[in-house]
Amino acid sequence: MERIKVKVINSSGNELPAYETFSSAGMDVRADIKEPVTIGPLERLLIPTGLRVQLPHGYEMQLRPRSGLALKHGISLANTPGTVDADYRGEIKVIVINLSNEPYTITPGERICQMVISAYTRVEWEVVDRIDETERGDGGFGHTGTN
């Protein structure tokens, strides 16, 4: 497993995101808020984290929902996965959405999402007139069955 160094400024007072288990892909990110904030049904809020990072060139950060919050409370991210590019230097903020019918209160320091750092590949387009045929062809949404 590859390890990379990522420079971070943490102005939140919360602990840094950390892997909970040896094989975890994501690290939990905490809300940097001074008092509880209630998010109503179908409402979106921008929640600060107090984190600024310097990712190495060729890496991105993805912000993803926490499965427990999604299952138990309907709390997700409006732009999942949220992408943080390697050249962004501002504070990382999370667009939280409440997909339930009940209000939910986010508390200071609460774990609100997961962060995954991964390498990416840049595309170089090759313009052609034809592409190879496959068995699937242009079969799209729901083409493999009725369910």
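Structure shown above.
Parameters and conventions
- Residues numbered from 1 in each chain as written.
- Predicted model: local features only at pLDDT ≥ 70, side-chain atom pairs only at ≥ 80, totals over all residues.
- Heavy atoms only, no water.
- Pairing = 2+ DSSP bridges.
- Helix = DSSP H or I, 4+ residues; strand = E, 2+ residues; numbered from the N terminus.
- Axes fitted to C-alpha atoms, helices over the stretch in contact; angles between N-to-C directions.
- Contact = heavy atoms within 4.5 Å.
- Polar contact = N/O pair within 3.5 Å; in protein donor to acceptor, adjacent residues only side chain to side chain.
- Core = buried A, V, L, I, M, F, W, Y, C linked by side-chain atoms within 4.5 Å.
- Buried < 20%, exposed > 50% of the residue type's maximum accessible area, 1.4 Å probe, protein only.

(A) View of the sheet that holds strand β9 (residues 93-98). Taken together, the three strands give an open sheet; going across it, the order is β4-β9-β7, and neighbouring strands pair in antiparallel fashion. The open sheet has two free edges, formed respectively by β4 (44-48) and β7 (75-77), since each of these has just one partner strand. Geometrically, the sheet is characterised by an average inter-axis angle of 40° between neighbouring strands, direction not taken into account. As paired strands, β7 and β9 are joined by three bridges and run antiparallel to one another. Looking at β9, one finds that I75 is bridged to N98.

(B) Seen up close, the environment of E91. Mapped onto the elements, E91 comes out in the loop between β8 (82-84) and β9. Considered as a pair, E91 and P48 are 43 residues apart in the sequence and their alpha carbons are 7.3 Å apart. When near neighbours in sequence (up to four residues on either side) are disregarded, E91 contacts D32, P48, T49, G50, L51 and R52. In this structure the side chain of E91 is engaged in a polar contact, spanning 3.3 Å, whose partner is the backbone nitrogen of T49.

(C) Main features of the sheet that holds strand β6 (residues 59-64). The strand order across the open sheet formed by four strands is β2-β11-β6-β8, and the pairing between neighbours is antiparallel. A strand with exactly one partner marks an edge of an open sheet, and here the two such strands are β2 (27-30) and β8. Pairs of neighbouring strands in the sheet enclose a mean axial angle of 35°, with direction left out of account. Both β2 and strand β11 (residues 111-119) contribute to a ladder of four bridges, which runs antiparallel. In the sheet register, M27 faces β11, and the bridge partner there is M115.

(D) How the structure looks around the nonpolar core. Core analysis: the biggest nonpolar cluster contains 25 residues, and I47, M61, L63, V96 and I106 have the highest contact counts within it. When contributions to this core are tallied by element, the ones reaching two or more residues are β2, β4, β5 (51-54), β6, β7, β9, β10 (104-106) and β11. Take this core: its biggest share by element is three residues, from β11. Here I47 is in contact with A31, I33, K93, V94, V96, I106 and I112, once residues within four sequence places are set aside.

(E) Expanded view of the side chain of T49. Structurally, T49 is set in the loop between β4 and β5. Take T49: its relative accessible area is 1%, and that puts it in the buried class. A distance of 2.6 Å separates the side chain of T49 from the backbone oxygen of I92, its partner in a polar contact. Setting aside its immediate chain neighbours within four residues, T49 contacts S12, V29, R30, D32, E91, I92 and V94.

Just geometry here; none of it tells us what the structure is for.
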